[in-house]
Amino acid sequence: LSVPTDAGAALAALRRACGAAPLLTGVDEVAPYLSDHRHLYRGQALGVALPDTVAQLSEILAWCNARGVGVVPQGGNTSYCGGATPDESGTQLVIGLARMNRIRAIDAANLSMTVEAGCLLASVQQAAAEAGCYFPLELGSAGSCQIGGNLSTNAGGLNVLRFGMARDLTLGIEAVLPDGRVFQRLRALRKDNTGYDLKALLIGAEGTLGIITAATLKLWPAIRTTATAFLAVPDVSAAIAVLAQLRGAAGERLNSFELLPRAAIELACRHIPGTRAPLGLSNEWYVLCELSSFVDEPLDELLQQALTRAISTGQVLDATLAANEGQRLAFWALREGIPTAQRRAGLGVKHDISVPVSALPAFVAEASAWVRRAVPDGTLVAYGHAGDGNLHFNVNWLDGADAQHVATQEPVIRRAIHDLVAAHGGSISAEHGIGQLKVDELRRYTSAVELGTMRAIKRALDPKGIMNPGKIFTPS
Ligand code: 2HG
Ligand code: ZN
């Protein structure tokens, strides 16, 4: 590092580099940026820069690059993998994107919009709706996460089944590269075969190749009708059979298919005020599914008929349709409350995994049996986006286990679950990214050819290694 060793001089120089952009350095004002939202990681920083324009950000990165100062981009700080938290050295600069939050343009005829990285996801959704359109990325944290973070982690969420992940929803990207150059490709084109897809590379790079400052996103027409149901199913195989039946009956209208075990619903009911289990708690597995349409059509009827058939074959044990928007929102509040409920319930370990949908029943059976055997004091809370083959295969200690005990168990559990995921052809990070949490896991489960290629790209774009050091892989 060629930051002056005198901290005062370093800060003065950094302040000059930030120009008109605020640079926070006070202990209290910096504190919220030094830890992730679950407080699993805690770091230190030179300060927190809050640029307002691409030009300011470009100046700051050029300055950091010239001096080898590590930079940690941060959006809404909702990462599950510590991807936005600085290390403990106190030599890194956090760059918050919150002030870059303009909706730059909406083109309803082209079904596209251009927004800045610091826009809250909820603001993007709302701006689209005000233009008579629909932006389908949907996460429980929509009110606090930022679109730049969503893109940097290639976020997934509740509507991936139909609309894809953040990368699939993006037409163009603007990003500042580590040396301060601006990569501008905000073309609102659905067809554009001109060389390497660099925007696809910057999306999901977790801020290790540059900082996304704006994006041109795909929109859809406004949703006119939805039909939402809560189902009880005998087991995971039945859930997957019902998924196929709903696809057959509703085609692309099926946009969500969430699998919820009783343990998850119980936790939400206990810890989230106002939530209740729509079908009680006498079954092991439940599904929350939703159809939606861009035209007025009788989706409730369609869903009802499909479910009546599934009930007659025993694949659905019980079902209830949301009778109105209030009930629909209540179903979703229950689902989206699960992560918060887990946090309130005490210590736990998370595995954001995916396997091919067809392998879910076998994977869940084998991994659940392992947890029951090897973690008798833990409760398995495996829930999530089964329609995409993605489960949050989490284990919670509900009886107040001590932190040391959990810390000892965690690597053993992670190894067993991830080995099973690999055996079923799955991924150890379906939608949350790698951050610092899964650096070793990525190394273990990724081929030398893939890792070598990733590192070559990193070296080419960020030769000094200033961008989000220690995330995705350890500096080489
Ligand atoms: C969700 O689907 C989030 O609610 C959080 O991705 C998952 O709690 C988790 O592990
Ligand atoms: Zn999720």
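Our subject is the structure listed above.
Residues numbered from 1 in each chain as written. Chains lettered and ligands numbered in written order. Predicted model: local features only at pLDDT ≥ 70, side-chain atom pairs only at ≥ 80, totals over all residues. Heavy atoms only, no water.

Chemist: Is there a simple way to think about the overall build of the chain in this case?
Modeler: The secondary structure content of the chain amounts to 16 helices and 19 strands. Relative to the compact-globule value of 23 Å for 476 residues, the chain shows a C-alpha radius of gyration of 23 Å, a close match. Taken along the three principal axes of its C-alpha coordinates, the chain extends 75 × 55 × 45 Å. Of all 476 residues assigned to the chain, the portion counted as buried reaches 53%. Carbon and sulfur atoms provide 53% of the accessible area of the chain, an area that totals close to 19500 Å². (Helix = DSSP H or I, 4+ residues; strand = E, 2+ residues; numbered from the N terminus. Rg over C-alpha atoms; globule rule 2.2 N^0.38 Å. Buried < 20%, exposed > 50% of the residue type's maximum accessible area, 1.4 Å probe, protein only. Areas by Shrake-Rupley, 256 points an atom, 1.4 Å probe, with all protein chains shown as cover.)

Chemist: Could you clarify how one ought to interpret unusual backbone geometry in this entry?
Modeler: Negative phi characterises most residues that are not glycine, and trans characterises most peptide bonds. For H39, which is not a glycine, the phi torsion comes out positive at approximately 60°. Looking at the element boundaries, H39 is found in the loop between α2 (27-30) and β2 (47-49). By relative accessible area, which is 51% here, H39 ends up exposed. In the Ramachandran plot, N468 falls in the positive-phi region, its phi being about 45° despite a non-glycine side chain. If you trace the backbone, N468 turns up in the segment after α16 (448-461). On the basis of relative accessible area, N468 is assigned to the buried category, the value being 1%.

Chemist: Looking at this structure, I do not really get the packing of helix α8 (residues 236-250) against helix α13 (residues 360-374). What am I missing?
Modeler: Two measures define how a pair of helices packs: the angle their axes make with one another and the distance between the axes. Where α8 contacts α13, the two axes come as close as 8 Å, and the packing angle between them is 160°. Accordingly, the angle class assigned to the pair α8 and α13 is roughly antiparallel. At the point where α8 passes α13, the crossing takes the right-handed sense. Contacts from V236, S237 and I240 in α8 reach L360, P361 and V364 in α13. Taken together, the residues of the contact of α8 with α13 break down into 5 nonpolar, 1 polar and no charged. (Axes fitted to C-alpha atoms, helices over the stretch in contact; angles between N-to-C directions. Parallel < 35°, antiparallel > 145°, perpendicular 65-115°, else oblique. Left-handed = near helix turned anticlockwise from the far one by under 90°. Contact = heavy atoms within 4.5 Å. Nonpolar A, V, L, I, M, F, W, Y, C, P; charged D, E, K, R; others polar.)

Chemist: Before we go on, may I ask you to explain the coordination of the zinc ion (ligand 2) in this structure?
Modeler: Ideal values differ by geometry: the angle at a metal is 109.5 degrees with four tetrahedral donors, but 90 or 180 degrees with six octahedral donors. The zinc ion (ligand 2) binds to the protein through H385 (NE2), H392 (NE2) and E431 (OE), with metal-donor distances spanning 1.9 to 2.2 Å. Of note, the donors binding the zinc ion (ligand 2) are all from one chain and are spaced H-x6-H-x38-E. A residue pair is termed long-range when its members are at least 10 positions apart, and H392 in strand β19 (residues 390-396) and E431 in the loop between α14 (403-423) and α15 (439-445) qualify at 39 residues. The exposure class of H392 is buried, given its relative accessible area of 6%. Overall, the relative accessible area of 11% leaves E431 in the buried class. (Donors = N, O, S within 2.8 Å, 3.2 Å for Na, K, Ca; no water.)

Chemist: Can you walk me through the packing of aromatic side chains in this structure?
Modeler: Any pair of aromatic rings gets described here by the distance separating the centres and the angle formed by the planes. Applying the stated criterion across every chain yields a total of 5 aromatic pairs. A ring pair is formed by F230 and Y286, whose centres lie 6.1 Å apart and whose planes are at 40°; its orientation type is tilted. Taken together, the residues span a long stretch of sequence, with F230 in strand β12 (residues 225-233) and Y286 in strand β14 (residues 285-293) at a distance of 56 residues. One aromatic cluster is present, built from ring pairs that chain together Y134, F163 and W220. Between R455 and the ring centre of F473, over which it is positioned, the NZ or CZ distance is 4.9 Å. (Phe/Tyr/Trp six-rings, centres within 6.5 Å; stacked < 30°, edge-to-face > 60°. Lys NZ or Arg CZ within 6 Å of the ring centre and 35° of its normal.)

Chemist: Is there a simple way to explain the pairing of strand β13 (residues 254-261) in this structure?
Modeler: Regular strands place their side chains on alternate faces of the sheet. Within β13, 8 of the 8 residues are buried, which leaves it mostly tucked inside the rest of the structure. Bridging between β13 and β14 involves 7 bridges; their strand directions are antiparallel. Counted as the bridge partner of L260 is Y286 from β14. (Pairing = 2+ DSSP bridges.)

Chemist: I keep staring at the sheet that holds strand β6 (residues 112-116) and nothing clicks. Help me out?
Modeler: Remark on secondary structure: sheet strands pair via backbone hydrogen bonds, oriented parallel or antiparallel. Here we have 5 strands laid out as an open sheet, ordered β5-β6-β10-β8-β9, and antiparallel in their pairing. Only two strands of the sheet have a single partner each, and these edge strands are β5 (103-107) and β9 (182-185). Going across the sheet, the axis of each strand differs from the next one's by a mean of 15°, ignoring polarity. Pairing of strand β8 (residues 170-176) with β9, which is carried by 4 bridges, proceeds in the antiparallel orientation. Note on β9: the bridge partner recorded for I173 is R185. Against the sheet, helix α3 (residues 54-67) contacts β5, β8, β9 and β10 (211-218), and its axis sits at roughly 50° relative to β8.

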